[in-house]
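# A closer look at the structure
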Amino acid sequence: MNTKRFHFPALGLAVIGATMISAGCASHRGAEPMAKISGDGDIAVPMTYRSWTRFVPTVDKVDAGQVREIYINPVGLTVRKGEAFPAGTVSVMEIYGARKDSAGKVIKNAEGRLIKGELSRIFVMAKGEGWGASLPAGTLGNGDWLYGAWLADGTTAATADFAACRSCHLPMAATDFMARYDEHFVTRMR
């Protein structure tokens, strides 16, 4: 795994490096050039992602005993339904363990929702122009998306193998490999 890590600017705008700048995308305010990202694992946790818009409301995964919070940066919010996300889009998903009772059964609140426990992992997916084409041969393609997976501290790698991330997103090719794409637009319409 490449040990180089990149953080996105404090304003929450993803800067996707020299490839975007050469493509004329340097007009994003707060953009700063950075070294080329070479693959999965190079996508760090953006420092201010919690100030971003929630992509969808909190997601309960009862079978997995998880509560998920998903954020998207301002670049990603520019997409319209039916469009692919632009280069520069970054999405962050926090995974919390659901609280459990003494018998190990998940606890639900009065509305039937899981109750969030401790943060366990943070997953990041980011899209950059041409990133998919630069991946090693045999890598399961997800367009130009790359992935990062971190423990709760946001700095310790949770994995060096991103095949599970890529496999999970592969069936979502029609929605630019983004889970809950349609739900996002329903939520945005409200």
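The numbers attached to residues start from 1 for each chain and follow its sequence in the written order. Per-residue local features of the predicted model are confined to residues with pLDDT of at least 70, and side-chain atom pairs are confined, for both listing and counting, to 80 or more; whole-chain, interface and lining totals are unaffected and use all residues. In computing side-chain values, all of the structure's heavy atoms are included and hydrogens and water are not.

## Quick word on the packing of aromatic side chains
Threshold: Each aromatic pair joins two rings of Phe, Tyr and Trp (for Trp, the six-membered one) with centres within 6.5 Å, and gets the label stacked for planes under 30 degrees apart, edge-to-face for over 60, and tilted for any other angle. Helical segments are the DSSP runs of H or I of at least four residues, strand segments are the runs of E of at least two, and each set is numbered from the N terminus. To sit over a ring, a charge needs its Lys NZ or Arg CZ within 6 Å of the ring centre and within 35 degrees of the ring normal.
Here the structure, examined in full by the defined rule, presents five aromatic pairs. With a centroid separation of 6.3 Å and an interplanar angle of 55 degrees, the aromatic rings of phenylalanine 55 and phenylalanine 85 are classed as tilted. Of this pair, phenylalanine 55 sits in strand β1 (residues 53-61) while phenylalanine 85 is found in the loop between β2 (66-72) and β3 (90-98), placing the two residues 30 residues apart along the sequence. One cation-aromatic arrangement involves lysine 116 over tyrosine 96; the distance from NZ or CZ to the ring centre is 4.5 Å.

## Quick notes on the sheet that holds β1
Two modes of strand pairing occur in sheets, parallel and antiparallel, and in both the strands are linked by backbone hydrogen bonds. Filter applied, for reference: Strands qualify as paired when DSSP identifies two bridges or more between them. All axes here are fitted lines through C-alpha atoms, helices being fitted over the stretch that makes contact, and every angle between N-to-C directions spans 0 to 180 degrees.
Pairing is antiparallel across the open sheet formed by five strands, whose spatial order is β1-β2-β3-β4-β5. Bordering the open sheet on either side are β1 and β5 (145-151), each of which pairs with just one other strand. Neighbour-to-neighbour, the strand axes of the sheet open up by a mean angle of 20 degrees, direction not taken into account.

## Observations concerning the confidence of the model for the protein
Defined as follows: The pLDDT score gives, residue by residue, the confidence of the prediction method on a 0 to 100 scale. Here, two residues are considered to be in contact whenever any of their heavy atoms come within 4.5 Å of each other.
Taken as a whole, the protein shows an average pLDDT of 83; of its residues, 80% reach a score of 70 or greater. A low-confidence stretch, residues 1-35 (pLDDT under 50), is modelled with 76 contacts involving residues beyond four sequence positions or located in other chains.

## Structural notes on the nonpolar core
The condition that has to hold: Among the buried residues, those of types Ala, Val, Leu, Ile, Met, Phe, Trp, Tyr and Cys that are joined through side-chain atoms within 4.5 Å form a nonpolar core. Between buried and exposed lies partly exposed: a residue is buried under 20% and exposed over 50% of the maximum accessible area for its type, with that area taken using a 1.4 Å probe on protein chains only.
Counting residues in each nonpolar core, the largest one holds 21 residues, and the members touching the most others are Ile43, Tyr49, Val92, Ile122 and Val124. Put simply, the parts of the chain that give this core at least two residues each are β2, β3, β4 (116-127) and β5. Beyond its immediate chain neighbours, meaning those up to four positions away, valine 92 contacts Pro46, Tyr49, Trp52, Glu69, Ile70, Tyr71, Ile122, Phe123 and Val124. Listed in part, the 19 residues of the second largest apolar core include Phe55, Val56, Ile70 and Phe85.

## Remarks on the pattern of salt bridges
Put simply, the test is: Salt bridge, as used here: a side-chain nitrogen of Lys or Arg that lies within 4 Å of a carboxyl oxygen of Asp or Glu.
With the rule as written, the count across this model stands at eight salt bridges. A salt bridge links glutamate 94 to arginine 50, with the nearest nitrogen and oxygen atoms 2.6 Å apart. Taken together, the residues glutamate 94 in strand β3 and arginine 50 in the loop between α1 (18-22) and β1 connect sequence positions 44 residues apart. Close ionic contact of arginine 113 with aspartate 60 constitutes a salt bridge, the shortest N to O distance being 2.7 Å. With a gap of 53 residues between them, arginine 113 in the loop between β3 and β4 and aspartate 60 in strand β1 connect regions that are remote in the sequence.

## Comments concerning the pairing of β1
In the sheet, β1 pairs with β2 via six bridges, with the strands oriented antiparallel. Opposite valine 59, over in β2, you have arginine 68 as the bridge partner. Taken together, β1 and the strand that follows it, β2, pair antiparallel across an intervening segment of four residues, in which glycine 65 is found at a positive phi of about 65 degrees.

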